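What the coordinates show
What follows is the residue order along each chain.
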Amino acid sequence: MSRRHFGQFALLRPQLPRPNRPFRRAFTAGANRSNSSRWTNRAAIAAITISGLVYAMTCQKPVKFDARSLAELDERTKREKGIDENSPMRLRMEQFIREQQKAIVFELEKLDGKSFREDTWTREKGGGGISCVLQEGNVFEKAGVNISVVYGTLPKPAIAKMRVNHKNLAEADEVDFYALGLSMVLHPYNPMAPTVHLNYRYFETMRPDGTSQAWWFGGGSDLTPSYLFDEDAVHFHKTLKDTCDKHNKEYYPKFKKWCDEYFCNTHRGEARGIGGIFFDDLDESVADADNTFAFIQDCLKSFLPSYLPIMERRKDMPFTAKEKEWQQVRRGRYVEFNLVHDRGTAFGLNVPGSRVESILMSLPLTASWRYMYEPEPRSREQRLVEVLKNPKEWV
């Protein structure tokens, strides 16, 4: 037992009653003190200490961390110890996405020529985030690169729903959780330049003592053009496939199919865009935490090489008013998916104390809904719709 824990137990031992008389020395000093009296005193002290130890072990309640106290503990850890490979995964992931947000914003500002507005916000129950948003830029009509960190408590219905995919999640009336992620959506002005979405996230539930109970990663990146250029689709998908193949050659086909199925406006029978990769619930049943974290890192770092070359080719292309109108219609479909089908949007809006402005950052600045709008037969617009209804294998 450590000295610190021994001291805690000693302090908790029952207090012995003291007689109302002046204190007297109970033994004589020096050579007059016998060995037997010394051992008698030691035995008495040991008996008192052991009784205090038993009392503490049977009566003291275990330490319980709630979401707020865990957030405060994490902040103190970051200040006093920093973050390294031995730190909790949640802190390592948080450090990484903060670094990547800065790197991505820096490159997008170079491309656009205007600066992002940066808002730092906090949550009362722990956590917060940084929202970086650019509106009415030179290249981007609206762009957002956000990170969020949330400490909270899952109610029983949410726990039951999550246990479908995570059997190691405890059955309880409530469970404290931690969630963080980097989410990005870029909507260019030029209808020849595609919208892109990215999100990488980490979710963890905690035991009452604050240690990790269940964890998983999720994320992906997908492209949504208004006008389809095959070379752009091939480049985007090949960059993602090369990244996936470094870790597991089964990842890309599995996650590409998952993306096509998830980002689908089922009420219209068409995909939101031409896909990419999407995955969720990557936990210890797939790979250990360190290997999955390495995969997440490579995926997020692959974004700029996957997207910037496309933007350099398309951002200054000429376009007509008719083509801009088609872009607005496609953006309307983008809005439909985010508000009707997207689980991330629904989860965020239902977390108490969530920052609505950051959650709805993904919506475009402009969009339109035209009644019974149909593209002309054999047009470029019609070809895009055909691909959205029948997703292609690009690599």
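Cut-off values and rules
- Residues numbered from 1 in each chain as written.
- Predicted model: local features only at pLDDT ≥ 70, side-chain atom pairs only at ≥ 80, totals over all residues.
- Heavy atoms only, no water.
- Helix = DSSP H or I, 4+ residues; strand = E, 2+ residues; numbered from the N terminus.
- Buried < 20%, exposed > 50% of the residue type's maximum accessible area, 1.4 Å probe, protein only.
- Contact = heavy atoms within 4.5 Å.
- Areas by Shrake-Rupley, 256 points an atom, 1.4 Å probe, with all protein chains shown as cover.
- Expected span 1.5 Å × (residues − 1).
- Core = buried A, V, L, I, M, F, W, Y, C linked by side-chain atoms within 4.5 Å.
- pLDDT = per-residue confidence, 0-100.
- Pairing = 2+ DSSP bridges.
- Axes fitted to C-alpha atoms, helices over the stretch in contact; angles between N-to-C directions.
- 1 Å grid on protein atoms, 1.4 Å probe; cavity = no way out; pocket = protein on both sides within 12 Å on 5 of 7 lines; lining within 4 Å.
- Points joined across faces, edges and corners; volume = space filled by probe spheres on them.
- Nonpolar A, V, L, I, M, F, W, Y, C, P; charged D, E, K, R; others polar.

Right, let's get into the overall build of the protein. For the protein, the count of helices and strands is 13 helices and 9 strands. For the protein, buried positions account for 46% of its 395 residues. Nonlocal contacts in the protein, meaning residues at least 24 apart in sequence, comprise 72% of its contacts between residues at least 6 apart. Carbon and sulfur atoms make up 53% of the accessible area of the protein, which amounts to about 21,600 Å² in all.

What follows concerns helix 10 (residues 321-340). Compared with the 28 Å implied by 1.5 Å per residue over 20 residues, the 29 Å span of helix 10 between its first and last C-alpha is a close match. Helix 10 sits mainly inside the fold: 14 of its 20 residues count as buried.

On to the nonpolar core, then. Ranked by internal contacts, the top residues of the largest apolar core, which has 70 residues, are Leu108, Phe140, Met184, Leu186, Phe217, Ile277 and Phe303. The element that contributes the greatest number of residues to this core is helix 4 (residues 89-112), accounting for 8 residues. With residues up to four places along the chain from it excluded, the contact list for Ile277 reads Tyr200, Gly219, Gly220, Ser221, Leu240, Cys244, Tyr252, Phe255, Lys256, Cys259 and Cys299. Counting 11 residues, the second-largest nonpolar core is a separate cluster that includes Val150, Leu154, Met162 and Ala214.

With that settled, the discussion passes to the confidence of the model for the protein. Considering every residue of the protein, the mean pLDDT works out to 84; 80% of them sit at 70 or more. The model gives residues 1-63 a pLDDT under 50, and that stretch makes 24 contacts with residues more than four places away or in other chains.

Strand pairing in a sheet relies on backbone hydrogen bonds. The paired strands run either parallel or antiparallel. Strand order in this open sheet of 7 strands is 1-2-3-4-5-6-9, and the pairing throughout is antiparallel. Whereas interior strands pair on both sides, the edge strands pair on one side only; in this sheet they are strand 1 (117-122) and strand 9 (275-282). In this sheet, neighbouring strand axes are inclined to one another by 10 degrees on average, regardless of whether the strands run parallel or antiparallel. Note that strand 4 (residues 174-188) and strand 5 (residues 195-206) share 11 bridges and pair antiparallel. Across the sheet, residue Leu186 finds its bridge partner in strand 5, namely Val196. Contacting strand 5, strand 6 (212-224) and strand 9, helix 6 (residues 230-245) crosses the sheet at an angle of about 30 degrees to strand 9.

What follows concerns the pairing of strand 4. Every regular strand shows the same layout, with side chains that alternate between the two sheet faces. Taken across its 15 residues, strand 4 has 13 buried, putting it largely inside the fold. As paired strands, strand 3 (residues 140-155) and strand 4 are joined by 15 bridges and run antiparallel to one another. Its bridge partner being in strand 4, Ile147 is matched across the sheet by Leu182. Taken together, strand 4 and the strand that follows it, strand 5, pair antiparallel across an intervening segment of 6 residues.

Our next topic: empty space enclosed by the protein. Summed over the entire model, instances satisfying the criterion amount to 4 cavities of 30 Å³ or more. Its boundaries defined by the atoms lining it, the largest cavity holds a volume of some 80 Å³. Lining the largest cavity are His187, Pro188, Ala193, Pro194, Thr195, Thr224, Pro225, Ser226, Gln327, Arg330, Arg331 and Tyr334. Mapped by element, the contributors of at least two residues to the lining of the largest cavity are strand 4 and helix 10. Here the element with the most residues in the lining of the largest cavity is helix 10; it accounts for 4 residues. Considered class by class, the residues forming the lining of the largest cavity number 5 nonpolar, 5 polar and 2 charged.

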